[in-house]
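Fold and geometry: a report
Residue strings, one per chain:
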Amino acid sequence: MKYAVVIEKTNNGYSAYLPDLPGCIAAGDTLEETEGLIQEAVSYHLELLRENGDPIPEPQTTTVLVEA
């Protein structure tokens, strides 16, 4: 499965979250660090859902880029 990840620039670096996996977040100093951390967070998040017998949400979010 592929989930959409939103990465935002913050005052201190970057933060990331997945609209389809509430509570799955990460933050880092660099974009590269944040990408790696959110990948780890997704793995742990899904592992915990499985361990608890909770359903794995299907990806629902679609992203597009628009020119301004």
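This write-up is about the structure you can find in this document. The structure presented is a predicted model; accordingly, all values stated were derived computationally and were not measured.

Conventions we followed
- Residues numbered from 1 in each chain as written.
- Predicted model: local features only at pLDDT ≥ 70, side-chain atom pairs only at ≥ 80, totals over all residues.
- Heavy atoms only, no water.
- Core = buried A, V, L, I, M, F, W, Y, C linked by side-chain atoms within 4.5 Å.
- Buried < 20%, exposed > 50% of the residue type's maximum accessible area, 1.4 Å probe, protein only.
- Helix = DSSP H or I, 4+ residues; strand = E, 2+ residues; numbered from the N terminus.
- Contact = heavy atoms within 4.5 Å.
- Pairing = 2+ DSSP bridges.
- Axes fitted to C-alpha atoms, helices over the stretch in contact; angles between N-to-C directions.
- Expected span 1.5 Å × (residues − 1).
- Arc of directions from axis to C-beta.

**Thoughts on the nonpolar core**
- In this structure, Tyr3, Ala16, Leu18, Leu21, Cys24, Ala26, Ile38, Ala41, Val42, Leu46 and Leu49 together form the largest nonpolar core, which totals 11 residues.
- It is helix α1 (residues 31–51) that provides the largest number of residues to this core, a total of 5 residues.
- Sequence-distant contacts of Leu21, that is, excluding residues within four places in its chain, are made with Tyr3, Val42, His45, Leu46 and Pro57.

**A look at the sheet that holds strand β1 (residues 6–9)**
- With antiparallel pairing, the 3 strands of this open sheet are ordered in space as β1-β2-β3. Single-partner strands in this sheet number two, and they are β1 and β3 (25–28). If you compare each strand with its neighbour and ignore which way they point, the axes differ by 20 degrees on average.
- By the bridge criterion, 4 bridges tie β1 to strand β2 (residues 14–17) in an arrangement that is antiparallel. Of the residues in β2, the one forming a bridge with Ile7 is Ala16.
- Contacting β1, β2 and β3, α1 runs over the sheet at an angle of about 155 degrees to β3.

**Notes on the pairing of β3**
- Residue alternation in β3 divides its side chains into a buried set, Ala26 and Gly28, and an unburied set, Ile25 and Ala27.
- The pairing of β2 with β3 spans 4 bridges and is classified as antiparallel. Paired with Tyr17 across the strands is Ile25, a residue of β3.

**Re the side chain of Thr34**
- Counting through the fold element by element, Thr34 comes out in helix α1.
- We classify Thr34 as buried; its relative accessible area is 0%.
- Excluding its chain neighbours within four sequence positions, the residues that come into contact with Thr34 are Ile7, Tyr14, Ser15, Ala16, Ala26, Ala27 and Gly28.

**Focus: α1**
- With 21 residues, α1 ought to run about 30 Å at 1.5 Å a step, and its terminal C-alpha atoms sit 30 Å apart, in line with that.
- All of the buried residues along α1 are Thr34, Ile38, Ala41, Val42, His45, Leu46 and Leu49. Down the axis of α1, the smallest arc covering the buried residues is 125 degrees, so these residues share one side. Across from the buried face of α1, at angles greater than 90 degrees, the exposed residues are Glu32, Gln39, Tyr44, Arg50 and Glu51.
- Note on α1: the residue one or two positions beyond its end, Gly53, has a positive phi of about 75 degrees.

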